[in-house]
Amino acid sequence: MAFTGRQLLEISFSRHRILLRGGHNGLSRAIHWFHAIESVEEYQLLQSGELVFLTGISVGSDAEKLLQLLQGAELRHCAGVVVNTGKYIAKIPEAAVSYADAHALPLFELPWDMRL
């Protein structure tokens, strides 16, 4: 059974920990599965309906790489992207938030201390 980004925000263990940073208009996208990726090249492995998790090991502070990953997730019709912030990615760049908003691609932030 699929669920949505809106429902993800309502789950008790994630409430107030998983924050929506962009793509509010896409919260009704169905999440069918999860996929963790770390490099721009891996976007080709993504499938429609997947919620993508990213720790940022290969992205770091490179806002352009993060934007490329978002573009790949959108190209593959993913349900959204969860960026683990704190260790490798300090903050989600405004360009990523703007892209997510423009494409209704839910972009979530998850603090590093919350395990994936």
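Whatever comes next refers back to the structure up there.
A. Structural view of the sheet that holds strand E4 (residues 33-36). The strand order across the open sheet formed by five strands is E2-E7-E6-E5-E4, and the pairing between neighbours is mixed. Each edge of the open sheet is held by one strand with a lone partner, namely strand E2 (19-22) and E4. Strand-to-strand twist of the sheet, defined as the mean angle between neighbouring strand axes without regard to direction, takes the value 30°. Here helix H3 (residues 94-103) sits on the sheet and contacts E2 and strand E7 (107-111); the angle it forms with E2, its principal contact strand, is near 85°.

B. Focus on the nonpolar core. Ranked by size, the top nonpolar core spans 22 residues in total, and within it Val81, Val83 and Leu107 carry the most contacts. Contributions of two or more residues to this core are made by strand E5 (50-54), helix H2 (63-75), strand E6 (80-85) and H3. With five residues, the top contributor of residues to this core is H2. Among residues more than four places away in sequence, those in contact with Val83 are Leu54, Leu66, Ile89, Ile92, Leu107, Phe108, Glu109 and Leu110. Counting residues in each nonpolar core, the second largest holds 11 residues, with Leu27, Val82, Phe108 and Leu110 among its members.

C. View of the environment of Ile37. The topology assignment puts Ile37 in the loop between E4 and E5. If near-sequence neighbours (up to four positions away) are discounted, Ile37 is found in contact with Glu42, Tyr43, Leu46, Val52, Phe53, Leu54 and Leu69.

Rules and cut-offs
Residues numbered from 1 in each chain as written. Predicted model: local features only at pLDDT ≥ 70, side-chain atom pairs only at ≥ 80, totals over all residues. Heavy atoms only, no water. Pairing = 2+ DSSP bridges. Helix = DSSP H or I, 4+ residues; strand = E, 2+ residues; numbered from the N terminus. Axes fitted to C-alpha atoms, helices over the stretch in contact; angles between N-to-C directions. Contact = heavy atoms within 4.5 Å. Core = buried A, V, L, I, M, F, W, Y, C linked by side-chain atoms within 4.5 Å. Buried < 20%, exposed > 50% of the residue type's maximum accessible area, 1.4 Å probe, protein only.

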